[in-house]
Amino acid sequence: MTAPDDLHPDIAAALKEVPGGVVIDSTHAEWPELGMSIDVPTAEERAVGSCATGNVCAFNGTSLSGTRVSWSTCGTYAPGITVRSIANARSAGYAQARSSSGSVLATAIAGSWANVSGTVADVRCVP
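The structure displayed is predicted, hence computed values, not measured ones.

Draft legend 1. Layout of the state of the cysteines. Enumeration over the complete set of coordinates arrives at 2 disulfides. The residue that forms a disulfide with Cys 51 is Cys 57, at a sulfur-sulfur distance of 2.1 Å. Taking the torsion about the S-S bond as the criterion, the Cys 51 to Cys 57 disulfide, at about 85 degrees, is right-handed. Residue class for Cys 57 comes out buried when judged on its relative accessible area of 0%. Linked covalently through their sulfurs, Cys 74 and Cys 125 form a disulfide whose S-S length is 1.8 Å. Taking the sign of the torsion about the S-S bond as the criterion, the disulfide between Cys 74 and Cys 125, at about -70 degrees, is left-handed. Of this pair, Cys 74 sits in the loop between β5 (68-71) and β6 (76-77) while Cys 125 is found in strand β11 (residues 122-126), placing the two residues 51 residues apart along the sequence. On the basis of relative accessible area, Cys 74 is assigned to the partly exposed category, the value being 24%.

Draft legend 2. Structural view of the nonpolar core. Ile 86, Val 116 and Val 123 are the most contacted members of the largest nonpolar core, which has 15 residues in total. Within the residue set of this core, elements represented by two or more residues are β4 (56-59), β5, β8 (94-98), β9 (104-109) and β11. Counting residues in each nonpolar core, the second largest holds 7 residues, with Val 48, Cys 57, Phe 59 and Leu 64 among its members.

Calculation criteria
- Residues numbered from 1 in each chain as written.
- Predicted model: local features only at pLDDT ≥ 70, side-chain atom pairs only at ≥ 80, totals over all residues.
- Heavy atoms only, no water.
- Disulfide = S-S within 2.5 Å.
- Buried < 20%, exposed > 50% of the residue type's maximum accessible area, 1.4 Å probe, protein only.
- Helix = DSSP H or I, 4+ residues; strand = E, 2+ residues; numbered from the N terminus.
- Core = buried A, V, L, I, M, F, W, Y, C linked by side-chain atoms within 4.5 Å.

Spelled out as structure tokens, the structure:
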């Protein structure tokens with residue numbers, strides 16, 4: 001059993017706010033009667049939306065929607081689609097959507113995403 005001092009602060013706060021919760025571990029709890037659960041991502045669980053852990057992704061819709069292109073190796077890539085949002089599901093570094101002149105249109109730091117304005121020529125991942 002997880003000791004109260006070992007609980008992630010978000011889990012502890014949720015258990016205090018909503019009675020009837022059951023601790024699964026330090027980053028997970030559930031409320032069986034409500035059909036509710038809470039999960040705090042750990043450092044190993046860095047997925048951003050549908051962009052898998054360890055990848056950089058480009059989407060043809062805003063807010064990580066639409067068709068997705070992903071890369072598991074950091075580099076500079078032409079996405080082959082119109083890019084309206086990017087995600088960086090890596091644990092470090094950042095991803096940038098850039099124009100043909102090299103101007104940065106959007107940046108997503110590790111574990112985040114960003115909407116993109118303008119015409120993207122490439123997506124660059126910097127470790």
